[in-house]
Amino acid sequence: MNNKYDEELYRVAEETFAALAFIMPLDPEDEAPDETDAGIVASVAFTGEFRGILFLSVPAGLLPELSANMLGAEDGVEPPIDQQRDAFAEALNVICGNLLPIIAGTEVIFDVHAPEILADGRIPDEFERYESAGSATLIFDTGKAELVIFVDNKPDAAESAA
Amino acid sequence: MSLNILIVDDSTVVRMSIIRVLKIAEIPLDNVFQAANGQEGLDVLEDNWIDMVLADINMPVMNGEEMIEKIRANPMWKDMPILVISTEGSKTRIERLEQKGAKFIHKPFPPETIREVICEMTGIKHEQQV
């Protein structure tokens, strides 16, 4: 962990998965299990004092457990795909909402946009040329969840994004 | 006394999980209405008797803050109990909502918190206390 917001991102994500769905990551030092399924990626953009975007990718195998626990589904009952995706988007929304006051202070107002699930399952190539402001990897039984945040600190960022 | 509650949130899963929490918290419920944004919420209010509104802030079409302003501007609903359930972390915005007469619960939240706040806001007693 060496980016500006790595530790905050990890802590908020860990707390969010635990509080929303009783899912705890394995020890960060543990080796991630072999990933056998494709990942799913969502993004949530925010505007305000500064603007940015937070990405979350998880193994698709995490979604049934995440959504079932959020909904309190009975054991063995798997929520439909649309609810699994909705639960995933909400988890990202909660992570973003709880991260922003930690990195920007509680006096600042941000508009957190609706999370979007990315069709091609990967962070868009255009972000490769930017340096992230933070990243974190959480290891679950089903594989790795990865978060990365990009921030534009230009003073006119909020205006130009509006 | 049972409550007619309106839940306004753009996430189906969040609306479903709030209903689940209301049941876990043993809040006496009559009808639970759902809306996916502030405008839909106002439409439900127009057509139904609602005792309390539970709303998110960041939503498409009309956000929760604008919906609250419109509710307060209507004499029929000016005293409507409104509970905002959101990830909002800005004290500035939370204070602004509280000045409009809304209470605030931060997401994620434990069931007992929602029970305490709803009982306090509506004057109902928790079923186990009756």
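Up top is the structure.
This one's a predicted model, so the numbers in the text were calculated from it and none came from an experiment.

Parameters and conventions
- Residues numbered from 1 in each chain as written.
- Chains lettered and ligands numbered in written order.
- Predicted model: local features only at pLDDT ≥ 70, side-chain atom pairs only at ≥ 80, totals over all residues.
- Heavy atoms only, no water.
- Helix = DSSP H or I, 4+ residues; strand = E, 2+ residues; numbered from the N terminus.
- Rg over C-alpha atoms; globule rule 2.2 N^0.38 Å.
- Buried < 20%, exposed > 50% of the residue type's maximum accessible area, 1.4 Å probe, protein only.
- Areas by Shrake-Rupley, 256 points an atom, 1.4 Å probe, with all protein chains shown as cover.
- Lys, Arg positive; Asp, Glu negative; His and termini not counted.
- Charge placed at Lys NZ, Arg CZ, Asp CG, Glu CD.
- Salt bridge = Lys/Arg side-chain N within 4 Å of Asp/Glu carboxyl O.
- Pairing = 2+ DSSP bridges.
- Contact = heavy atoms within 4.5 Å.
- Buried area = accessible area lost by both parts, 1.4 Å probe.
- Phe/Tyr/Trp six-rings, centres within 6.5 Å; stacked < 30°, edge-to-face > 60°.

In terms of regular secondary structure, chain B is built from 5 helices and 5 strands. Against the globule reference of 14 Å for 130 residues, chain B gives a C-alpha radius of gyration of 13 Å, in line with a compact fold. Its C-alpha atoms give chain B principal-axis dimensions of about 40 × 30 × 25 Å. For chain B, the residues scored as buried account for 55% of the 130 residues in total. In the structure as shown, chain B presents an accessible area of about 5,900 Å², 47% of it carried by carbon and sulfur atoms. A gap of 4 Å separates the mean positions of the 14 positive and 21 negative side-chain charges of chain B.

Residue and element names in this part refer to chain B. According to the stated counting rule, one finds 12 salt bridges over all chains in the structure shown. Put simply, Lys-107 and Asp-9 hold a salt bridge, and the shortest N to O gap is 3.5 Å. In this pair, Lys-107 is assigned in the loop between strand 5 (102-106) and helix 5 (111-122) and Asp-9 in the loop between strand 1 (3-8) and helix 1 (12-24), connecting sequence segments 98 residues apart. In terms of burial, Lys-107 and Asp-9 fall into one category: buried. Close ionic contact of Glu-65 with Arg-93 constitutes a salt bridge, the shortest N to O distance being 3.3 Å. Here Glu-65 is found in helix 3 (residues 64-73), whereas its partner Arg-93 is found in helix 4 (residues 91-99), with 28 residues between them in sequence. Judged on exposure class, the residue Glu-65 and its partner Arg-93 are both buried.

What follows covers the pairing of strand 5 (residues 134-140) of chain A. Both faces of the sheet carry side chains from a regular strand, because those side chains alternate between them. All names here are of chain A. By the criterion of burial, strand 5 is predominantly enclosed, with 5 of the 7 residues buried. Both strand 5 and strand 6 (residues 143-152) contribute to a ladder of 7 bridges, which runs antiparallel. Residue pairing for strand 6: Gly-134 is matched across the bridge by Ile-149. The turn linking strand 5 back onto strand 6 is made up of 2 residues.

Next up on the list: the interface of chain A and chain B. Facing the 23 residues of chain A at the interface are 20 residues of chain B. Buried surface at the junction of chain A and chain B, summed over both partners, amounts to about 1,800 Å²; 54% is from carbon and sulfur atoms. On the chain A side of the contact with chain B, A:Leu71, A:Asp86 and A:Ile109 bury the most area, a combined 27% of that side's loss. On the surface where chain A and chain B come into contact, there are 2 salt bridges. Across the pair B:Arg93 and A:Asp111 runs a salt bridge, and its minimum N-O distance is 2.8 Å.

With that settled, consider the packing of aromatic side chains. Residue and element names in this part refer to chain A. Following the criterion strictly, the structure yields 8 aromatic pairs over all chains and no others. Between Phe-46 and Phe-50, the ring centres sit 6.3 Å apart and the planes meet at 80°, which makes this aromatic pair edge-to-face. Members of the aromatic cluster, each reached through a chain of ring pairs, are Phe-55, Phe-127, Tyr-130 and Phe-150.

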